[in-house]
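Below, each chain spelled out in residue letters.
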Amino acid sequence: MYKALLKPLFFRLDAEEAHHLVFNNLKRVYRLPGAQAVLRGLYEHQHPSLEREVFGLSFRNPVGLAAGFDKNAELTDELAALGFGFVEIGTVTPRPQPGNPLPRLFRLPKDEALINRMGFNNSGAEAAAARLRRRRAPGLIIGGNIGKNKDTPNELAAQDYVACVEALHEVVDYFVVNVSSPNTPNLRQLQEREPLIALLQQVQERNQALPQPRPLLLKIAPDLTDSQLDDILLIARETELSGLVATNTTISRTGLTTPEAQVTAAGAGGLSGRPLRRRATEVIQYLSSRSRGQLPIIGVGGIHSAQDAQEKLAAGAALVQLYSGFIYEGPGLVKQINQALTRA
């Protein structure tokens, strides 16, 4: 139904307008009497073989929703009814910010890809925490993807990440430090060895001082070289990270079939979707091999089918996340992946 009826309708709208339409309608449907049971019947697939224990947390299945879709923790219960085993909210910043000017989200249908330059638009950490305190979905793991405000200089970035940890630690199950988005000026400079160690040490110090420290992960870009990935593994060990999220969007436009003029018209931003599949898998495989499988990895990038998800898991990912694939394939993709994993 999604691909035959809803997707053509949504794709006639501006990409961000369609996103808001989906949000609002999913909220309305979820409130209808009996709707939760119907949604779970349509999209949920449970089986003991799907359960995963990763960085000390129990996931009911290994398929999650990547950060960027539910930035403000508005739909966690609704997304749980669509079969996700975990949802990563954010990217959340300490203070609310509007993000970059519109338009800032673009589809490349020929490539089944998206370009976004959202710029961490969100309502702030305190607002997200308040919403999460009201959620009711049992068994759903919530990740908190955290970043810095655009006007915070890099030398003070750690203060923003720490502020997010303090605001969200009671309502999320794990944290992801996002320094790999290409849409906040100079943010990716924090991926360099020295600033990244300093940042993670300060965030980890505050995290460990809390009554219930949360697993702390780092989200990395797919555009890093092998030597930079080696540095990431050393940094992860030195700062006692619980895992990595591989990968964020790419700034590369290599190999697209969309006409160059259309890609150029979309402008700057991070590319996600099918074109990212191979590179994301390569990064996962490299990190898993070099760490000898000792550092859990959440694999994300170009997952549009059950086979794509199985590829990420075979490469060494412990869990997977959807974003563009969820938009192009619809909510049925979650069930398809879980069913395939059950049969495997």
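Residues numbered from 1 in each chain as written. Predicted model: local features only at pLDDT ≥ 70, side-chain atom pairs only at ≥ 80, totals over all residues. Heavy atoms only, no water.

Trainee: Looking at this model, I keep getting lost on the sheet that holds strand 6 (residues 113-116). Mind explaining?
Mentor: Sheet strands line up and pair through hydrogen bonds in the backbone, either parallel or antiparallel. The strand order 5-6-11 describes an open sheet built from 3 strands, whose pairing is antiparallel. The sheet is open, and its two borders are formed by strand 5 (105-108) and strand 11 (270-273), each paired with just one other strand. Recorded for the sheet is a direction-independent mean angle of 25° between the axes of neighbouring strands. For strand 5 and strand 6, the ladder comprises 4 bridges, and the chain directions are antiparallel. Looking at the pairing, L105 lines up with N116 of strand 6. (Pairing = 2+ DSSP bridges. Helix = DSSP H or I, 4+ residues; strand = E, 2+ residues; numbered from the N terminus. Axes fitted to C-alpha atoms, helices over the stretch in contact; angles between N-to-C directions.)

Trainee: How should a nonpolar patch on the surface be read in this particular structure?
Mentor: A contiguous nonpolar patch, built from M1, L5 and L6 and spanning about 330 Å² of accessible area, is present on the exposed surface. Its location among the elements puts L5 in helix 1 (residues 2-10). Residue classification places L5 among the exposed positions, given a relative accessible area of 58%. (Patch = residues over 30% accessible without salt bridge, like charges linked within 9 Å, V, L, I, M, F, W, Y side chains within 5 Å. Areas by Shrake-Rupley, 256 points an atom, 1.4 Å probe, with all protein chains shown as cover. Salt bridge = Lys/Arg side-chain N within 4 Å of Asp/Glu carboxyl O. Buried < 20%, exposed > 50% of the residue type's maximum accessible area, 1.4 Å probe, protein only.)

Trainee: Would you mind showing me how to read the layout of surface pockets here?
Mentor: To locate leftover empty space, one rolls a probe as large as a water molecule over the atoms. Empty space within the largest pocket amounts to approximately 650 Å³. Lining the largest pocket are 26 residues; nearest its centre among them are Y2, L6, F10, V22 and P331. For the lining of the largest pocket, the element with the most residues is helix 2 (residues 15-31), which contributes 8 residues. Residues belonging to the lining of the largest pocket are distributed by class as follows: 23 nonpolar, 2 polar and 1 charged. Taken as a whole, the second largest pocket holds about 390 Å³ of empty space. Looking at the second largest pocket, it is lined by 16 residues, and the ones nearest its centre are E74, D77, E78, R134 and R136. (1 Å grid on protein atoms, 1.4 Å probe; cavity = no way out; pocket = protein on both sides within 12 Å on 5 of 7 lines; lining within 4 Å. Points joined across faces, edges and corners; volume = space filled by probe spheres on them. Nonpolar A, V, L, I, M, F, W, Y, C, P; charged D, E, K, R; others polar.)

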